[in-house]
Amino acid sequence: MPVTNGNRTLTEWLTLLLGVVILLVGLFFLIAGADLAMLGGSTYYALCGIILVASGVFMLMGRTLGAFLYLGALAYTWVWSLWEVGFSPVDLLPRAFGPTILGILVALTIPVLRRMESRRTLRGAV
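Let me begin by describing the structure that accompanies this report. Because the structure is a prediction, the values reported are computed rather than measured. For every chain, the first residue of its written sequence is number 1, and the numbers climb from 1 along that sequence. Side-chain atom pairs in this predicted model are given and counted only at pLDDT of 80 or more, local residue features only at pLDDT of at least 70, and totals for whole chains, interfaces and linings cover all residues. To obtain the side-chain values, all non-hydrogen atoms of the structure were included, while hydrogens and water were left out.

Moving on, we come to the side chain of T109. Strands here are runs of E lasting at least two residues and helices are runs of H or I lasting at least four, both read from the DSSP assignment and numbered beginning at the N terminus. Tracing the backbone shows T109 in helix α4 (residues 89-122). For T109, the residues in contact, after removing those within four places along its chain, are T15, L18, M59 and A67. Contacts are assigned to residue pairs that have any heavy atoms within 4.5 Å of one another.

Rendered as structure tokens:
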């Protein structure tokens, strides 16, 4: 039997917590990335920040779109990382390890988000 608090299960609360973490990381990337881009640096961080903010917001809304946006940002991160440093494990580690760990957690939330979406649809919400 799932642990519940009100109308949400523990896994739903943990999914929402992950959405908050992604939203906060996205805000940091967006703000710092915009500064970096204005100084002539890479636009990766600003673009990724926009995607992560949207991902976090959609996850907080209980939408699977949030998970898929994050996984898209993760693919973008891997492409950017490989383009920037090649296949050097030492150089890839700081660029891709953290986002990949979060990506695994996000992938595990997809069934939870689908359940949240279907429940919302059954209640008549859009």
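If you look at soluble globular proteins, the nonpolar side chains tend to sit buried side by side. To form a nonpolar core, buried Ala, Val, Leu, Ile, Met, Phe, Trp, Tyr and Cys residues must be joined to one another through side-chain atoms within 4.5 Å. Each residue is assigned to one of three classes by its accessible area relative to the maximum for its type, calculated with a 1.4 Å probe on protein chains only: buried under 20%, partly exposed between the two thresholds, exposed over 50%. L18, I22, L52, Y70 and V106 are the most contacted members of the largest nonpolar core, which totals 18 residues. Elements represented by at least two residues in this core include exactly α1 (10-38), α2 (44-60), α3 (64-85) and α4. Here this core gets six residues from one element, more than from any other, and that element is α4.

Between side chains of opposite charge, pairing is possible as soon as their charged atoms come close. Each reported salt bridge corresponds to a side-chain nitrogen of Lys or Arg within 4 Å of a carboxyl oxygen of Asp or Glu. A complete count under the given rule lists three salt bridges for this structure. E12 serves as the salt-bridge partner of R119, at 2.0 Å between the closest nitrogen and oxygen. Here the residue R119 occupies a position in helix α4, and E12 occupies one in helix α1, the gap between them amounting to 107 residues. For E12, a relative accessible area of 0% corresponds to the buried category. A salt bridge links E117 to R63, with the shortest nitrogen-to-oxygen separation between them at 3.6 Å. Of the two residues, E117 sits in helix α4 while R63 sits in the loop between α2 and α3, which places them 54 residues apart along the sequence. For R63, a relative accessible area of 27% translates into the label partly exposed.

Taken together, L10, L14, L17, V20, V21, L24, L27, I31 and L60 make up a surface patch of nonpolar side chains, about 760 Å² in accessible area. Examining the composition of the nonpolar patch, we find that eight residues originate from one element, α1, more than from any other. On the secondary structure map, I31 appears in helix α1. Relative accessible area serves as the criterion here: at 56%, I31 is assigned to the exposed category. Here a patch means residues that are over 30% exposed by relative accessible area and free of salt bridges, tied together within 9 Å if like-charged and within 5 Å if nonpolar (Val, Leu, Ile, Met, Phe, Trp, Tyr). The accessible surface values rely on the Shrake-Rupley method and a 1.4 Å probe; as for residues, cover is taken only from the protein chains in view.

This next bit is on the environment of S42. Along the polypeptide, S42 turns up in the loop between α1 and α2. In the structure, S42 is positioned 17 residues away from M59 in sequence and 27 Å away in space, judged by C-alpha atoms. Polar contact is defined as a pair of N or O atoms within 3.5 Å, subject to the rule that within protein one atom must be able to donate a hydrogen and the other to accept it, and that residues adjacent in sequence are counted only when both atoms are side-chain atoms. For S42, the side chain forms a polar contact with the main-chain nitrogen of Y44, separated by 3.0 Å.

A few words now on α2. By this rule, a helix spans an expected 1.5 Å times one less than how many residues it contains. For α2, spanning 17 residues, the distance from its first C-alpha to its last is 24 Å, which sits close to the expected 24 Å at 1.5 Å a residue. Among the residues of α2, those classed as buried are Y44, A46, C48, G49, L52, V53, S55, G56 and M59. Among the structural elements, α1, α3 and α4 are those in contact with the buried residues of α2. Following α2 by one or two positions, G62 adopts a phi angle in the positive range, close to 75°.

By themselves, these figures tell us nothing about what the structure is for.
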